[in-house]
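Examination of the molecular architecture
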Amino acid sequence: MFKETQDGQIVLNQPAGHVENGESLQQAVIRETLEEAGWQVEPTAILGMYAFTPFAGADTYHRVCVICRPVGHITNSLDPDILCAGWFTREEIEQHPQRSPLILECINDFENGQNFPINMINNHHLEAK
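Position labels on residues start from 1 in each chain and follow its written sequence. pLDDT decides what is reported in this predicted model: residues at 70 or higher carry local features, side-chain atom pairs at 80 or more are listed and counted, and totals for whole chains, interfaces and linings draw on all residues regardless. The side-chain quantities take in all heavy atoms of the structure and omit both hydrogens and water.

Description of helix α3 (residues 102-111)
- Only protein chains enter the calculation, and the probe is 1.4 Å; a residue is then buried if its accessible area is under 20% of its type maximum, exposed if over 50%, and partly exposed in between. By the criteria applied, helices consist of DSSP H or I runs no shorter than four residues and strands consist of E runs no shorter than two, each listed in order from the N terminus. Taken residue by residue, α3 has Leu102, Ile103, Cys106, Ile107 and Asp109 as its buried positions. In a view along the axis of α3, the buried residues occupy a sector of 160°, so they form one face of it.
- In this analysis, two residues are considered to be in contact whenever any of their non-hydrogen atoms come within 4.5 Å of each other. On its buried face, α3 sits against β2 (9-13), β3 (39-52), β4 (61-73) and α2 (90-95).
- Following α3 by one or two positions, Gly113 has its phi on the positive side, about 85°. Taking the helix axis as origin, the arc is that swept by the directions to the C-beta atoms.

So, in structure tokens, the structure goes:
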């Protein structure tokens, strides 16, 4: 998890972001987690797919939440908009404002044992041959 500022308020968030052109979802997860939390991770399963519209008329965000195995802490040099990153207990997470309701929803799904095989992602056609 990490802390960032949203609309002048410090909120908790999970590593997230966009998939770059030509990048697999797994590669994006690895890159975003390193950039936003400083950790090298190995994607192992899909937790779920979620949708969230923060307010009427806003863009809808689609999230593919990926379960990862932490490999190791690599750097403290994080994206400039991140205040700090770290491991938080569920109680600490519940006590802080969160960037979206999907954070606790994903944690609940993980604690309930939800997961899907990572190989359901097909990367066979990422690059033109």
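Picking up where we left off.
Re the nonpolar core
- Here, the term nonpolar core denotes a set of buried Ala, Val, Leu, Ile, Met, Phe, Trp, Tyr and Cys residues that are joined through side-chain atoms within 4.5 Å. By size, the foremost hydrophobic cluster in this structure holds 7 residues: Ala45, Leu47, Tyr50, Cys65, Ile67, Leu102 and Cys106.
- Breaking this core down by element, the ones donating at least two residues are β3, β4 and α3.
- If one sorts the elements of this core by residue count, β3 sits on top with 3 residues.
- Look past the residues within four positions of Ala45 in its chain and what remains in contact with it is Val66, Ile67, Asn115, Phe116 and Ile118.

Quick word on a nonpolar patch on the surface
- Residues forming no salt bridge and having over 30% relative accessible area are the ones grouped into patches, like charges within 9 Å of each other and nonpolar side chains (Val, Leu, Ile, Met, Phe, Trp, Tyr) within 5 Å. Note on areas: these come from Shrake-Rupley sampling with a 1.4 Å probe, and a residue is covered only by the protein chains present in the view. Salt bridges are defined as contacts in which a side-chain nitrogen from Lys or Arg sits within 4 Å of a carboxyl oxygen from Asp or Glu. A grouping of Met49, Val64, Phe116 and Met120 is seen on the molecular surface, where their side chains present a nonpolar patch of about 390 Å² in accessible area.
- Here Met49 lies in strand β3.
- The class for Met49 is exposed, based on a relative accessible area of 61%.

Some details on the pattern of salt bridges
- Within this structure, the stated rule accounts for 8 salt bridges.
- Residue Glu20 pairs with Arg31 through a salt bridge whose shortest N-O separation is 3.8 Å. In this pair, Glu20 is assigned in the loop between β2 and α1 (25-37) and Arg31 in helix α1, connecting sequence segments 11 residues apart.
- Taking relative accessible area as the criterion, Arg31 reaches 19% and is therefore assigned buried.
- Residue Glu23 is joined to Arg31 by a salt bridge in which the shortest nitrogen-to-oxygen separation is 2.8 Å. Across the pair, exposure class does not vary: Glu23 and Arg31 are buried alike.
- Residues participating in the shared-partner salt-bridge network are Glu20, Glu23, Arg31, Glu32 and Glu35.

Some remarks on the sheet that holds strand β6 (residues 116-117)
- Spatially, β4-β3-β6 is the arrangement adopted by the 3 strands of the open sheet, whose pairing is antiparallel. Either end of the sheet is taken by a strand with one partner, and the two such strands are β4 and β6.
- Pairing between two strands requires that DSSP report at least two bridges joining them. Pairing of β3 with β6, which is carried by 2 bridges, proceeds in the antiparallel orientation. Bridging across to β6, Ile46 finds its partner in Phe116.

Let's talk about the packing of aromatic side chains
- We call Phe, Tyr and Trp rings a pair once their centres come within 6.5 Å, taking the six-membered ring for Trp, and we label the pair stacked below 30 degrees between planes, edge-to-face above 60, and tilted otherwise. Evaluation of the coordinates by the stated rule reveals 1 aromatic pair.
- Ring geometry for Trp39 and Trp87: centres 5.3 Å apart, planes at 80°, overall edge-to-face. Remark: Trp87 occurs in the loop between β5 (82-85) and α2 and Trp39 occurs in strand β3; sequence separation between them is 48 residues.
- With a relative accessible area of 22%, Trp39 lands in the partly exposed category.

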